[in-house]
Amino acid sequence: MIQALEALRTVRLNERGDGVVILDQTRLPTEETYLTLTTAEEIWEAIYKLRVRGAPAIGIAAAYGALVCAREIKTEDKAAFASRFGEIVDYLSTARPTAVNLFAALGRMRRVLRSHPEATVEEWKEALYREAVAIREEDAAACRRIGERCLELLRPGMGILTHCNAGHLAVSEYGTALAPIYLGQERGYGFRVFADETRPLLQGARLTAYELLRAGVDVTLICDNMASAVMRAGWVQAVLVGCDRVAANGDVANKIGTSGLAVLARHYGIPFYVLGPTSTIDPACPDGASIVIEERPSEEVTELWYAHRMAPEGVKTYNPAFDVTPHELVTAIITEKGLFYENNS
Ligand code: MRU
């Protein structure tokens, strides 16, 4: 792991194993506050409010959350346990709709019970612990491999533009879109990174700029509407973004604004790479039109992060958290297992 980021633990289990500890990302970059979540309601709220966010981190938080809640179910009766556990998993699944990692992780936790039909409740709880830890460890290994694979496509000194936060804070460690940047940093590649601020929730300004600066990466923060000017100036040789759900045909849902960047990158002839673990691929989803796009509260656009409200009272807003980039605009989708999609046109 990058040494400068080692102390930042996005999501973990506490020592007693009865709480999920998250770094509250709504407080960054001014405060590093950790919260211990012990109930399904607290875990749900933390995911919904983006205290823990980023597709893989949401999955890990939900898996640990399901484990912590399972440990609180005080019955030896298997049917009663399974029924209560199923309710908890169903509830946590409703926290956010787009990132498929949430459903993938909770699906794995749910299947633990089915795959150990002879086990006692106590044994189920032990197996749930092993599964939650495996989800986290597999993500860490995947991120590292994604970084290695993408780095092969990059050259020292490149300018890289990224959107939202697909870094250490969004996963177990390293990140997806930021993983090759960190690996490059360790190997002296001297990348120059442009981080989009990412309205309305400012994940780029608050989180990407924060973690890259902390790791000593050369990062320049830009407003979302500056990407074209920066590309036109010739300062960007690759765009690297994460993903929340990849459809079977290669369409990609990611933070709102991603598809606009893909259009710009195509216009300027800049490669547009999407990086994500295979847990973000949803084979059941044929194309981008089938991906549910989360819509979030109006206040995030009109007043959140402003000292004073900046929009007139009563104005209509539209606040989709994600958009879909059609696969035609994507150069490649890079996973830990290799390229899921490649566009040679
Ligand atoms: O709403 P957020 O902050 O959870 O959105 C996060 C993104 O869009 C990331 O790019 C995506 O989850 C990939 S994180 C490795």
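Look up a bit, the structure's there.
Predicted, not measured: the structure shown is a model, and the values here were computed from it.

### A short note on the sheet that holds strand β5 (residues 192–196)
So, point 1. The strand order β6-β5-β4-β7-β10-β13-β14 describes an open sheet built from 7 strands, whose pairing is mixed. Two strands close off the open sheet at either side, each with one partner strand: β6 (218–222) and β14 (338–342). Ignoring which end each strand starts from, the neighbouring axes of this sheet average 25 degrees apart.
So, point 2. Here 4 bridges tie strand β13 (residues 332–335) to β14, and the two strands are oriented antiparallel to one another. Looking at the pairing, Thr335 lines up with Gly338 of β14.

### What about the site of the ligand?
So, point 1. Among the 18 residues in the neighbourhood of the ligand, the closest are listed as Arg53, Ala55, Arg96, Asn254 and Lys255.
So, point 2. Arg96 places a side-chain nitrogen or oxygen 2.8 Å from an oxygen atom of the ligand.
So, point 3. The fraction of the free accessible surface of the ligand (410 Å²) that becomes covered by protein chains is 99%.
So, point 4. Counting only elements with at least two residues in the shell around the ligand, the list comes to α2 (55–71) and β9 (252–255).
So, point 5. When grouped by side-chain class, the residues that make up the shell around the ligand number 9 nonpolar, 5 polar and 4 charged.

### So, the side chain of Asn319
So, point 1. Within the fold, Asn319 resides in the loop between α10 (299–302) and β12 (322–325).
So, point 2. You can call Asn319 buried: its relative accessible area is 5%.
So, point 3. From its side chain, Asn319 meets the backbone oxygen of Pro297 in a polar contact 2.9 Å long.
So, point 4. At a separation of 3.0 Å, a polar atom in the side chain of Asn319 contacts the side chain of Glu300.
So, point 5. Ignoring any residue separated from it by four or fewer positions in sequence, one finds Asn319 in contact with Pro200, Glu294, Glu295, Arg296, Pro297, Glu300 and Val301.

### As for the environment of Leu207
So, point 1. Residue position: Leu207 is located in helix α7 (residues 203–214).
So, point 2. Counting along the chain gives 92 residues from Leu207 to Glu299, while the straight-line C-alpha distance between them is 20 Å.
So, point 3. Leu207 has contacts with Gln25, Leu28, Arg53, Asn165, Leu169 and Leu202, leaving out every residue within four places of it along the chain.

### A few points about the packing of aromatic side chains
So, point 1. On inspection of all chains with the given rule, the structure shows 6 aromatic pairs.
So, point 2. With a centroid separation of 5.3 Å and an interplanar angle of 20 degrees, the aromatic rings of Trp44 and Tyr48 are classed as stacked. Pair noted here: Trp44 and Tyr48 are both in helix α1 (residues 40–48), with a separation of 4 residues, about one helical turn.
So, point 3. The class of Tyr48 is partly exposed, set by a relative accessible area of 25%.
So, point 4. Note on Phe194 and Trp235: the rings are 6.1 Å apart at their centroids and 10 degrees apart in plane angle, and the pair reads as stacked. Linking Phe194 in strand β5 with Trp235 in the loop between α8 (227–232) and β7 (238–241), this pair joins segments that are 41 residues apart in sequence.
So, point 5. The structure contains a cluster of three or more aromatic residues connected by ring pairs, namely Trp44, Tyr48 and Tyr91.
So, point 6. Above the ring of Phe322, the side-chain terminus of Lys255 is found at 4.3 Å from the ring centroid.

### Comments concerning the pattern of salt bridges
So, point 1. By the definition in use, this model includes 22 salt bridges.
So, point 2. Ionic pairing is found between Arg108 and Glu138, a salt bridge with its closest N-O pair at 2.7 Å. Within this pair, whereas Arg108 is found in helix α4 (residues 100–115), its partner Glu138 is found in helix α5 (residues 121–151), the two being separated by 30 residues in sequence.
So, point 3. The partly exposed category is assigned to Glu138, whose relative accessible area is 41%.
So, point 4. Overlapping salt bridges bring together Asp24, Arg27, Glu31, Glu45, Lys49 and Arg51 as one network.

### Quick word on the packing of α2 against helix α3 (residues 78–92)
So, point 1. It is at 10 Å that the axes of α2 and α3 come closest, and there the two elements cross at 150 degrees. Between α2 and α3, the angle is such that the two are roughly antiparallel. Every pair of crossing elements has a handedness; the one defined by α2 and α3 is right-handed. The residues of α3 that touch α2, namely those facing Ala62, Gly65, Ala66, Cys69 and Ala70, are Phe81, Phe85, Ile88, Val89 and Leu92.
So, point 2. Counted by class, the contact of α2 with α3 contains 9 nonpolar, 1 polar and no charged residues.

### Here we look at unusual backbone geometry
So, point 1. The residue after Leu28, namely Pro29, is reached through a cis peptide bond having omega 5 degrees.
So, point 2. The amide bond that connects Arg199 to the next residue, Pro200, takes the cis arrangement and shows omega of 0 degrees.
So, point 3. Within the fold, Pro200 resides in the loop between β5 and α7.
So, point 4. Even without a glycine there, the phi angle at Thr198 is positive, about 70 degrees.

### Structural notes on the sheet that holds β12
So, point 1. Strand order across the open sheet formed by 4 strands is β11-β8-β9-β12, with mixed pairing between neighbours. Each edge of the sheet is formed by a strand with only one pairing partner; in this case those strands are β11 (281–282) and β12.
So, point 2. Strand contacts of helix α9 (residues 258–268): β9 and β12, with the helix running at about 35 degrees to β12, the strand carrying the most contacts.

Thresholds applied
By convention here, each chain's residues receive numbers from 1 onward along its written sequence. pLDDT decides what is reported in this predicted model: residues at 70 or higher carry local features, side-chain atom pairs at 80 or more are listed and counted, and totals for whole chains, interfaces and linings draw on all residues regardless. Excluded from the side-chain calculation are hydrogens and water; included are all heavy atoms of the structure. Between any two strands, pairing holds if DSSP finds at least two bridges. Put simply, DSSP marks the helices as runs of H or I at least four residues long and the strands as runs of E at least two long, and each gets a number from the N terminus on. Every axis in this analysis is a line fitted to C-alpha atoms, fitted for helices over the stretch in contact. Angles between the N-to-C directions lie between 0 and 180 degrees. To be near a molecule or strand, a residue needs just one of its heavy atoms within 4 Å of it. In protein, a polar contact requires one atom able to donate a hydrogen and another able to accept it; more generally it is a pair of N or O atoms within 3.5 Å, and residues adjacent in sequence count only if both atoms are side-chain atoms. Note on areas: Shrake-Rupley, 1.4 Å probe, and residue coverage restricted to the protein chains presented here. Each residue is assigned to one class: nonpolar for Ala, Val, Leu, Ile, Met, Phe, Trp, Tyr, Cys and Pro, charged for Asp, Glu, Lys and Arg, and polar for all the others, Gly among them. Any residue under 20% of the maximum accessible area for its type is buried, any over 50% is exposed, and the rest in between are partly exposed; the area is computed with a 1.4 Å probe on protein chains only. In this description, contact between two residues means that some pair of their heavy atoms is separated by no more than 4.5 Å. Side-chain rings of Phe, Tyr and Trp, where Trp is taken by its six-membered ring, are said to pair if the distance between their centres is within 6.5 Å; with planes under 30 degrees apart they count as stacked, over 60 as edge-to-face, and otherwise as tilted. Put simply, a charge is over a ring when the Lys NZ or the Arg CZ is close to the ring centre, within 6 Å, and near the line of the ring normal, within 35 degrees. Whenever a carboxyl oxygen of Asp or Glu lies within 4 Å of a side-chain nitrogen of Lys or Arg, that contact is scored as a salt bridge. Put simply, angles under 35 degrees are roughly parallel, angles over 145 are roughly antiparallel, angles from 65 to 115 are roughly perpendicular, and the rest are oblique. Put simply, a crossing is left-handed when the front helix is turned counterclockwise from the back one by less than a right angle, and right-handed when it is turned clockwise.

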